[in-house]
Amino acid sequence: MGERVEKARELLNRPLTLAEKILYSHLWDGNPSTVFQRGKDYVDFAPDRVACQDATAQMALLQFMHAGKPKVAVPTTVHCDHLIQAKVGAEADLKRANETSNEVFDFLESVSNKYGIGFWKPGAGIIHQVVLENYAFPGGMMIGTDSHTVNAGGLGMVAIGVGGADAVDVMAGMPWELKFPKLIGVKLTGKLSGWTAPKDVILKVADILTVKGGTGAIIEYFGEGATAMSCTGKGTICNMGAEVGATTSTFGYDASMDRYLRATDREDVADAALAVKEHLTADPEAYQNPEKYFDQVIEIDLNTLEPHLNGPFTPDLATPISMMGEAAKENDWPINVQVGLIGSCTNSSYEDISRAASLAKQVADKKLKMQSQFTITPGSEQVRYTIERDGFIDTFDQVGATVFANACGPCIGMWDRYGDKAADGPRNTIVHSFNRNFAKRADGNPNTLAFVGSPELVTAVAIAGRLDFNPMTDKLINEDGEEVMLDEPRGYELPPEGFAVEDAGYVEPMEDGSGVEVIVSPDSQRLQLLAPFEPIKPDSLKGMKLLIKAFGKCTTDHISMAGPWLRYRGHLDNIANNTLIGAVNAFNQKTNFVKNQLTGEYGAVPDTQRAYKAEGIKTIVVGDHNYGEGSSREHAAMQPRHLGVAAVLVKSFARIHETNLKKQGMLGLTFANESDYDLIQEDDTFNFVDIEDFAPGKPLTIEVEHADGSKDTIMANHSYNDAQINWFKEGSALNVIKKENA
Ligand code: MIC
Ligand code: SF4
């Protein structure tokens, strides 16, 4: 690394940021020889590792099976965490998941075994927490098939969320391509104290940058406030960087990382990092004069930062807790909080749990009663085992809390809160320490307003049962009718007695897995082998119909909902039945209700699309800004592709989704002129007039024929390079790999 960093410094002829050091030392071509333009140049990288979670690994591995390789080329792990539904509590829920999803878990385990992939069993923990505890290391680069892979930035990595097809590139021993990111520097002055937690830093950053402000950029945190913070706190901040669209976030190496590595039994990694520590953080000048080295600089004073709650329905709507009363009144948000949920991949460190437990303990000490329901989802078995040993689970039990399995559960709609009545559930408020709060995300109920906060604040708000409870100023009335205040949360950065675990849940793959047979039953409802996509023929891009013009926010949760649909993540045709059912039709403001131009009738999006497919008619999806925000799930691209959508034309894309569309051989385009969005009408027919000249940097011309016979010609920009245009021509990136390995 030292040699490569030195080369990069010579080449750029200036001090380097940490992000640059990591990027330039992970070039596919080895030593740096070119200066890359940020935000412009596509660059080939060589990541050190890959991580996949069960819900995305199925598609990633189904594709990898076509790559023609006997083994993965870099260390790779699979984590079973998304498919475990939270209902009763850890033990029963895990047992049920093992029954209902055994086919998928068995598939993942046998594919892992065959190709040399480390396998983490259901119940072992959530991918990002397990990665932080076991695999992340300062100065490294990894990719993961989950948008919150960025969590590993807490240990000074450049860790990036990608679609499964990108993971296939790296697992197959090929370069991984990324547009060289822009750099945002966040200087943290002052120090966190009292009720303010690392979560509040990212809630504030989300407020400043909004859900798309980080797109195409790496956020690098520095300053006294950064070094004073725990490593897991840094992880929380990096984790939720996904919510501002950032490619990833990272922190320079410091003593907190050394402590965390040693506490998690990685003395060797800690020593290795210490030996090259100057390469694992920026050159001092970059942090002294950040304006000269970053494209944008944000400064946050931790001394004055207030605890925040962000929401509802979007993670960037930030309200400082002192203003919540007013905001709730103004917006008519239900004040009573039904449930407080802590944990998840974002916030379930020992520090988080111990601080939350210090509040839960006050419930009995101060003769209070927990007013909301309260749940905990530990991030890993190691954390769970340790907090149980140290008495925190007991403390939570005493306030009537439910401990769910070490899994995603309520964070991804795998929360059986309403049985089959979620769709028209009551209007209600919940608070959680997760990262996303899009409509229906936690419990499937569109009328649930979810607010995101630190585990400490979520616990305090749940004790009070009120959204507007400000623990810094407000009193509670206890059983004796006395006024009491909660003491500030206190906890431990790391377990004083060390971490412990009996069975962490890891299964090592066989040395030689060539004899392992992977079985997918042809009549399985959960798994389906993939057939290669046929290239989209230029001819078929004439006479195309509009499938839907999506109005407003259209995240991957709107395009391919999670929750109950997670069960079909390995079966393309089945999961395609949820395609775009959450997107709002701009012409009638309804979801899953679009016009079939062939019959004039209105129907569900997937049905309408299947009708076009049956007639061999290609379609186009039109959308607003930041289309495809949120998850890395490539299903949001593969499903439309499978059903015959050829193009997606929007005001702007979220990074991963745009790449996913390209990888699957589709056209992901942006309006050259944003207001052309308004020209699109319900009965439009589209003709791509110059698709034969598809070339890098050259906008495409689309003729839009309206029902009254009038026409508009609009220009569509794109960011395809030559190789990506080839994916389009060949039908998908995978088709190209197959051809190369044939
Ligand atoms: C999420 O947080 O939305 C998920 C579920 O973890 C997704 C991955 C998926 O859809 O499987 C993500 O963040 O990428
Ligand atoms: Fe799981 Fe939620 Fe984390 Fe995604 S954000 S990995 S669903 S816990």
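This text gives an overview of the structure that appears in the document. (Residues numbered from 1 in each chain as written. Chains lettered and ligands numbered in written order. Predicted model: local features only at pLDDT ≥ 70, side-chain atom pairs only at ≥ 80, totals over all residues. Heavy atoms only, no water.)

1. Comments concerning helix α11 (residues 255-263)
Side chains that are three or four residues apart share a direction in an α-helix, a result of its 3.6 residues per turn. For α11, the set of buried residues is S256, M257, D258, Y260 and L261. Looking at the packing, one finds that the buried side of α11 touches α6 (127-134), α10 (231-239), β10 (248-251) and α12 (267-275). Positive backbone phi, approximately 70 degrees, marks D265, located one or two places after α11. (Buried < 20%, exposed > 50% of the residue type's maximum accessible area, 1.4 Å probe, protein only. Helix = DSSP H or I, 4+ residues; strand = E, 2+ residues; numbered from the N terminus. Contact = heavy atoms within 4.5 Å.)

2. Some points on the site of ligand 2
Close to ligand 2 lie H82, H128, D146, H148, C345, C408, C411, I412, N435 and R441. When grouped by side-chain class, the residues that make up the shell around ligand 2 number four nonpolar, four polar and two charged. (Near = heavy atom within 4 Å. Nonpolar A, V, L, I, M, F, W, Y, C, P; charged D, E, K, R; others polar.)

3. Things to note about the environment of G543
You can see G543 is positioned in strand β22 (residues 542-549). According to the relative accessible area criterion, G543 is partly exposed, its value standing at 31%. Taking the C-alpha atoms as reference points, G543 and P284, separated by 259 residues in sequence, lie 58 Å from one another. Residues in contact with G543, not counting those within four places in the same chain, are I617, T685, F686 and N687.

4. Focus: the site of ligand 1
Around ligand 1, the structure places 14 residues, and the nearest of them are D146, S147, R441, S632 and R633. Take D146: an N or O atom from its side chain is 2.6 Å from an oxygen atom of ligand 1. Between ligand 1 and R436 there is a distance of 2.8 Å, counted from an oxygen atom to a side-chain nitrogen or oxygen. Within the complex, the protein chains bury 97% of what would otherwise be the 330 Å² of accessible surface of ligand 1. Among the residues forming the shell around ligand 1, the class breakdown is two nonpolar, seven polar and five charged. (Polar contact = N/O pair within 3.5 Å; in protein donor to acceptor, adjacent residues only side chain to side chain. Areas by Shrake-Rupley, 256 points an atom, 1.4 Å probe, with all protein chains shown as cover.)

Purely geometric numbers; function is a separate question.
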